[in-house]
Amino acid sequence: MKKKIETFKRDILYQYYSIKANQSGMSSQVMHAFAKMLLKRYKYIGTPQGVTYYVSLERKDYQNFMDSAVEKVSEKSKLQKQVDICINLQNLAMMFRRTDVFAQTKVIALPQVGDEETIVKPSFWERVVIFFNLITGMGIYNSFSKLDFSQAKKIVVLGDVWQEESMLMQYANDRGIDSVTCQHALFIPGIGNSTYDILNMWMVKAETALLWGQYTEEQYRNFNPNLKCEVCGNPTIIEKKYHENADIIGIAMDLPRMHEYNQKMIEIVESYARNTSKKVRLRIHPADKKENYRVDGKICEFSSNLDDSFFIVAHTTTMIFTYLLSGKKVLKFKSDIPFFPVDKNMVFDTLDDLTKCVNYFYNFDCSKMAKNEISYIGEESAFKYKECLEN
C-alpha cells in the first residue's frame, strides 16, 4: 500500500506567511495557487549518489553557495528540475482525495516565542490557497520518489523551509537517508513569530543543520534541542584586497518588505554624498526592483557590484557580515527592527550620526563580532563542509 504523504505544521505555516507577505489580492493568489497545482508538473533529473544536493531557487548566489559547500566532497551529485506545463491529473485527484489536509488549515498555532501561544484562524480563501499549495507540495514529493536514491548517502538542501526542499527532506527521512539543511542567510533574532525567519529555526525537518556561526547555532538549539548542528561558515566569502574609490559610497539594500528603511537609508546617504561631493552606488536585493525607489539620478546609480566603494552602508542584510569578513568598511542603518549586536560606532540613523561614523572608521575592529556570525570563510569553510558531509 502506498504511504500516505503527511503535512507538517511548518509547511502550513510557510504557506500562511507567504499569503501575508504577498502584495497581490486574494483572488489573484487563489488563481495562482490553483494554476500552479493544476497546470504544472515537476520532474527531477539526476543520478542520486553519495552526497546529493538540490537548490530550488534559481538565484545565482544560492546556487554558488551550494556548489562551493560540496566542492571538496569526493562523491556528490546535483539534482535539477524540469517543470512541464500540462494538466496535472495526479494533483487533481489528490485534491479531492485529501480533504483532511484542508481541515488542518482551520486553526494555526504560530511558533511560540514568548510565554503565550498565538492562535490564528485564516479566512476561507486563505485556507483555499494554503490547501492548493499543500497539494502541489505532495505532488512534488511524489516526483522526488520517482528517482532512485539507493546510492545516496546524504541529501542536502539550502534551507529546508522552502516547499521543494521541505518535501525532499521529508522524503529523505521517510526513506531513512541522512537529511541535511544548510544556512542560506543570517536569521534576525528576537523578531517575533510573524516572519519567515523563525520558520528556518523552528521544527526543522532535516536531521542535521550546517550553520555559519556560533550565534545562529545557539538560536537553532533553543528551538530544536535534539537537532544535530555543525558550524561550517560560508565558503563563498573570500578575504580580498579591494581597490577602493574614495568618491563612491555603496548601499547594500534590504528585503523588499524593508522598503521604508531602504528609502530612508538612501536619503541620508544621498545627503552625505552631496555634502562631500561623492557618488552613491545602490545594490538592490535580488527580489526587489529599482523602480520601487526614489533616487537622485545625478549622484546615484544601481549596480550589483559594490567592491570599489570606499565604504558600504546596510540595514539588516546578511551582506553586512559578508562585506566585513571580506575586508570592507561597513556601517549599519539603525531602525526599530531587531538585529545582531554591533559596535555602536558603526550605527547611524541621521546625517550627523553618519558623518561621525565615517570619521571613526579606523577606531573600531568588527572582525571578532563578524566571526561570531560567520566563523569560517573560503577554503577553511569548504573543508569544514567536506568533513561534515563525508562523515
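Residue numbers restart at each chain and count upward from 1, following the sequence in its written direction. Given that the model is predicted, a residue must reach a pLDDT of at least 70 before its local features are reported, and side-chain atom pairs must reach 80 or more before they are shown or counted; all residues, however, enter totals for whole chains, interfaces and linings. Values reported for side chains reflect all heavy atoms of the structure, with hydrogen atoms and water molecules removed beforehand.

**Student:** Can you help me understand the packing of aromatic side chains in this one?
**Tutor:** The geometry of an aromatic ring pair is captured by the separation of the ring centres together with the interplanar angle, meaning the angle of the planes. Pairing of aromatic rings covers Phe, Tyr and Trp, the last counted by its six-membered ring, and requires centre-to-centre distances within 6.5 Å; plane angles under 30 degrees mean stacked, over 60 mean edge-to-face, and any other angle means tilted. By the definition in use, this model includes 17 aromatic pairs. Members of the aromatic cluster, connected to one another through ring pairs, are Phe 34, Phe 102, Phe 124, Trp 125, Phe 131 and Phe 132. Counted as over-ring charges are cases with an Arg CZ or a Lys NZ within 6 Å of the ring centre that also lie within 35 degrees of the ring normal. Looking at Arg 59, its charged tip hangs above the ring of Tyr 62, at a distance of 4.0 Å from the centre. Above the face of the Phe 102 ring, Arg 127 is positioned so that its terminal group lies 4.1 Å from the ring centre.

**Student:** Would you mind going over empty space enclosed by the protein with me for this structure?
**Tutor:** Any empty space left between the atoms is revealed when a probe the size of a water molecule rolls over them. Using only the protein atoms, space was sampled on a 1 Å grid; points where a 1.4 Å probe fits but cannot get out form cavities, open sets with protein on both sides within 12 Å along at least five of seven lines form pockets, and lining residues are those with an atom within 4 Å of a point. Grid points are joined across faces, edges and corners, and a volume is the space filled by probe spheres set on the points. A complete count under the given rule lists two cavities of 30 Å³ or more for this structure. Taken as a whole, the second largest cavity encloses approximately 30 Å³ of empty space. Forming the boundary of the second largest cavity are Gly 159, Asp 160, Val 161, Thr 181, Cys 182, Phe 187, Asn 200 and Tyr 220. Along the lines of polarity and charge, the residues of the lining of the second largest cavity split into four nonpolar, three polar and one charged. When residues are sorted by character, Ala, Val, Leu, Ile, Met, Phe, Trp, Tyr, Cys and Pro go into the nonpolar class, Asp, Glu, Lys and Arg into the charged class, and all the rest, Gly among them, into the polar class.

**Student:** Looking at this structure, I do not really get the pattern of salt bridges. What am I missing?
**Tutor:** As a working rule, side chains carrying opposite charge can pair if their charged atoms are close by. What counts as a salt bridge is simple: a side-chain nitrogen of Lys or Arg found within 4 Å of a carboxyl oxygen of Asp or Glu. A full pass over the atoms with the stated rule returns 21 salt bridges. A salt bridge links Glu 301 to Arg 281; the nearest nitrogen and oxygen atoms lie 2.9 Å apart. Here the residue Glu 301 occupies a position in strand S13 (residues 300–302), and Arg 281 occupies one in strand S12 (residues 279–283), the gap between them amounting to 20 residues. Between Arg 281 and Asp 308 there is a salt bridge; the shortest N-O distance is 2.5 Å. One end of the pair, Arg 281, is in strand S12; the other, Asp 308, is in the loop between S13 and strand S14 (309–314), with 27 residues separating them in the sequence. Classification of residues uses two cut-offs on accessible area relative to the type maximum, computed with a 1.4 Å probe and protein chains only: under 20% is buried, over 50% is exposed, and between them is partly exposed. Taking relative accessible area as the criterion, Arg 281 reaches 12% and is therefore assigned buried. Strands are runs of DSSP state E lasting at least 2 residues, helices are runs of H or I lasting at least 4, and numbering of each runs from the N terminus.

**Student:** Even after reading the chapter, I still don't get the sheet that holds strand S9 (residues 208–211), so can you show me in this structure?
**Tutor:** Remark on secondary structure: sheet strands pair via backbone hydrogen bonds, oriented parallel or antiparallel. Spatial ordering of the open sheet is given by S3-S2-S7-S8-S9-S10, a layout of six strands whose pairing is parallel. Looking along the sheet, the strands with just one partner apiece sit at the ends: strand S3 (76–78) and strand S10 (228–231). Each adjacent strand pair in this sheet contributes to an overall mean axis angle of 25°, direction not counted. If DSSP finds at least two bridges between two strands, the strands pair. Strand direction decides the pairing type here: S9 and S10, joined by four bridges, are parallel. The residue of S10 that forms the bridge with Leu 210 is Glu 230. Contact criterion: two residues are considered in contact whenever any of their non-hydrogen atoms come within 4.5 Å of each other. Throughout, an axis means a line fitted to C-alpha atoms (over the contacting stretch in the case of helices), and angles, computed between N-to-C directions, take values from 0 to 180 degrees. Contacts from helix H14 (residues 378–390) reach strand S2 (49–54), strand S7 (151–158), strand S8 (178–182), S9 and S10 within the one sheet, and its direction differs from that of S9 by about 175°.

**Student:** How should the environment of Asp 61 be read in this particular structure?
**Tutor:** Within the secondary structure, Asp 61 sits in helix H3 (residues 60–69). Expressed as a C-alpha distance, the spacing of Asp 61 and Thr 236, which sit 175 residues apart in the sequence, is 8.8 Å.

**Student:** Can you walk me through helix H4 (residues 89–97) in this structure?
**Tutor:** Turn by turn, an α-helix covers 3.6 residues, leaving residues three or four places apart pointing in a common direction. Looking only at H4, the buried set comprises Asn 91, Met 94 and Met 95. One side of H4 holds all its buried residues, which, seen down the axis, span an arc of 110°. With respect to the buried face of H4, the exposed residues turned more than 90 degrees away are Leu 89, Phe 96 and Arg 97. Buried residues belonging to H4 abut helix H2 (26–39), strand S1 (40–45), helix H5 (99–103) and helix H6 (124–144). When we speak of the arc, we mean the arc of directions from the helix axis to the C-beta atoms.

**Student:** What should I look at first to understand the environment of Tyr 171 in this one?
**Tutor:** Looking at the element boundaries, Tyr 171 is found in helix H7 (residues 163–175). The class for Tyr 171 is buried, based on a relative accessible area of 5%. Those residues in contact with Tyr 171, other than ones at most four positions away along the chain, are Tyr 141, Phe 144, Ser 145, Leu 147 and Phe 149. Distance and chemistry together define a polar contact, namely a pair of N or O atoms within 3.5 Å, with one atom able to donate a hydrogen and the other to accept it when in protein, and with adjacent residues in sequence counting only for side-chain atoms on both sides. Only 2.7 Å separates the side chain of Tyr 171 from the side chain of Arg 175, close enough to count as a polar contact.

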